[in-house]
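Summary of structural features
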Amino acid sequence: MFLTTKPMKLLLIPCAILITFSSCANPGSETAPQSSNENKPSVVVVSNAADTVPPSIVSDSLVTNDFLMGKFNYRTHPFFIKVPATMSTKELYVQKETLEAFQRMHEAALKDSVSLKIVSGTRSFNEQKNIWETKWKKEIVAQKTPKAAALKILEYSSMPSTSRHHWGTDIDINSVEGAYFRKGKGLKEYNWLVANGNKFGFYQTYTPKDKGRTGYSVEEWHWSYLPLSKKYLEYYNARITNNDIKGFTGCETAAEIDIIQNFVNGIEKY
Ligand SMILES: [Zn+2]
């Protein structure tokens, strides 16, 4: 159901020309990411696989490098929609296809007396930057080196530009505390998701690391709508490099940690 490699190769040429190599050490030179939705798309996806690829991928001239790195306004992006209050704990947005799939899963779970609510959906670059820099202020004091500070934050939080929450495909369900899912109601909900989530396209990306997965610690709450996110990861790996991860305090550690190899790709293989 995904694009062939042919159009991907066509994309690489204009993208290579458009990539700029500004210094990570000068985040003040970044333009305001929220305004980048007004930018012209850097590439236009030309696909001959329209019959087999989800509409939001075929028509995605808007899936630019900025999109992949969360530098757009999801509140006004045509693929995104606000999640109804019956399925969320606060105002949040996801992609329309993600919501349609979640709604089917939500209804099926209710029939088994399991209530699923989204507690976190799409986050922009700036929102992730706020999370990251708040933690950075603490960890750069508590840890011995910038790399150690970054790795401490990276146990559970992403660098801006590297979060799957940028894509509108990934959601946190019911809680963001591991202890919640290890007994009682939370355990029942987690077991239901493990048994049924895949039928609706949702997969746990941050599974236990004892089988060699790199990156973030286990997250029982984080589920990805893989029919879309799998494709975005392919785009990401084709276009984005560690040098593109910049514009926030501590971004100079991205290359040292090899953030894309070890964290963006540090997911369970399905
Ligand atoms: Zn998450």
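Residues numbered from 1 in each chain as written. Predicted model: local features only at pLDDT ≥ 70, side-chain atom pairs only at ≥ 80, totals over all residues. Heavy atoms only, no water.

Burial along strand S4 (residues 170-173) is two-sided: Asp170 and Asp172 and Ile171 and Ile173, pointing in opposite directions, are all buried. One ladder, built from two bridges, connects strand S3 (residues 118-120) with S4; its direction is antiparallel. Looking at S4, one finds that Ile118 is bridged to Ile173. Looking at chain direction, S4 and strand S6 (residues 222-225) are connected through three bridges and run antiparallel. In the sheet register, Ile171 faces S6, and the bridge partner there is Trp223. (Buried < 20%, exposed > 50% of the residue type's maximum accessible area, 1.4 Å probe, protein only. Helix = DSSP H or I, 4+ residues; strand = E, 2+ residues; numbered from the N terminus. Pairing = 2+ DSSP bridges.)

Every protein donor of the zinc ion is accounted for by His165 (NE2), Asp172 (OD) and His222 (ND1), and the metal-donor separations fall at 2.0 to 2.1 Å. If you list the donors of the zinc ion from N- to C-terminus, the spacing comes out as H-x6-D-x49-H. Residue His165 is found in the loop between helix H6 (146-153) and S4, and its partner His222 is found in strand S6; the two are separated by 57 residues along the sequence. Neither residue differs from the other here; His165 and His222 are each classed as buried. (Donors = N, O, S within 2.8 Å, 3.2 Å for Na, K, Ca; no water.)

Before going further, it helps to examine the packing of aromatic side chains. The relative placement of two aromatic rings is captured by the distance of their centres and the angle of their planes. One pass over the structure, following the stated rule, counts 19 aromatic pairs. Where Phe67 meets Phe72, the ring centres are 4.9 Å apart and the plane angle is 20°; that geometry is what we call stacked. Exposure class is identical for Phe67 and Phe72. Each is buried. With a centroid separation of 6.3 Å and 85° between ring planes, the pair formed by Phe102 and Phe202 is classed as edge-to-face. Residue Phe102 is found in helix H4 (residues 96-111), and its partner Phe202 is found in strand S5 (residues 202-204); the two are separated by 100 residues along the sequence. Residue classification places Phe102 among the buried positions, given a relative accessible area of 0%. Taken together, Phe67, Phe72, Phe80, Trp167, Tyr232 and Tyr236 form an aromatic cluster joined through their ring pairs. For Lys231, the ring lying beneath its charged end belongs to Tyr235, and the centroid distance is 5.7 Å. (Phe/Tyr/Trp six-rings, centres within 6.5 Å; stacked < 30°, edge-to-face > 60°. Lys NZ or Arg CZ within 6 Å of the ring centre and 35° of its normal.)

The next thing to look at is the layout of surface pockets. Taking a probe equal in size to a water molecule and rolling it over the atoms shows the remaining empty space. There is about 380 Å³ of room inside the second largest pocket. Around the second largest pocket, the lining comprises 19 residues; the ones closest to its centre are Arg123, Tyr156, Ser157, Glu219 and Trp221. The element that contributes the greatest number of residues to the lining of the second largest pocket is helix H5 (residues 125-142), accounting for three residues. Classifying every residue of the lining of the second largest pocket gives six nonpolar, seven polar and six charged. (1 Å grid on protein atoms, 1.4 Å probe; cavity = no way out; pocket = protein on both sides within 12 Å on 5 of 7 lines; lining within 4 Å. Points joined across faces, edges and corners; volume = space filled by probe spheres on them. Nonpolar A, V, L, I, M, F, W, Y, C, P; charged D, E, K, R; others polar.)

In this section: the side chain of Asn196. Its location among the elements puts Asn196 in helix H7 (residues 184-196). Only 2.5 Å separates the side chain of Asn196 from the side chain of Lys199, close enough to count as a polar contact. (Polar contact = N/O pair within 3.5 Å; in protein donor to acceptor, adjacent residues only side chain to side chain.)

With that out of the way, let us pick up the environment of Thr86. If you trace the backbone, Thr86 turns up in the loop between strand S1 (80-82) and strand S2 (93-95). The sequence separation of Thr86 and His106 amounts to 20 residues, and the corresponding C-alpha distance is 9.8 Å. Thr86 has contacts with His106 and Lys117, leaving out every residue within four places of it along the chain. (Contact = heavy atoms within 4.5 Å.)

We now examine the sheet that holds S3. The sheet built from four strands is open, its strands ordered S3-S4-S6-S5 with antiparallel pairing. Every interior strand has two partners, whereas the edge strands, S3 and S5, have only one. Direction aside, neighbouring strands of the sheet carry axes that sit 45° apart on average. Sitting on the sheet, helix H8 (residues 226-239) is in contact with S4, S5 and S6, with an inclination near 85° to S6. (Axes fitted to C-alpha atoms, helices over the stretch in contact; angles between N-to-C directions.)

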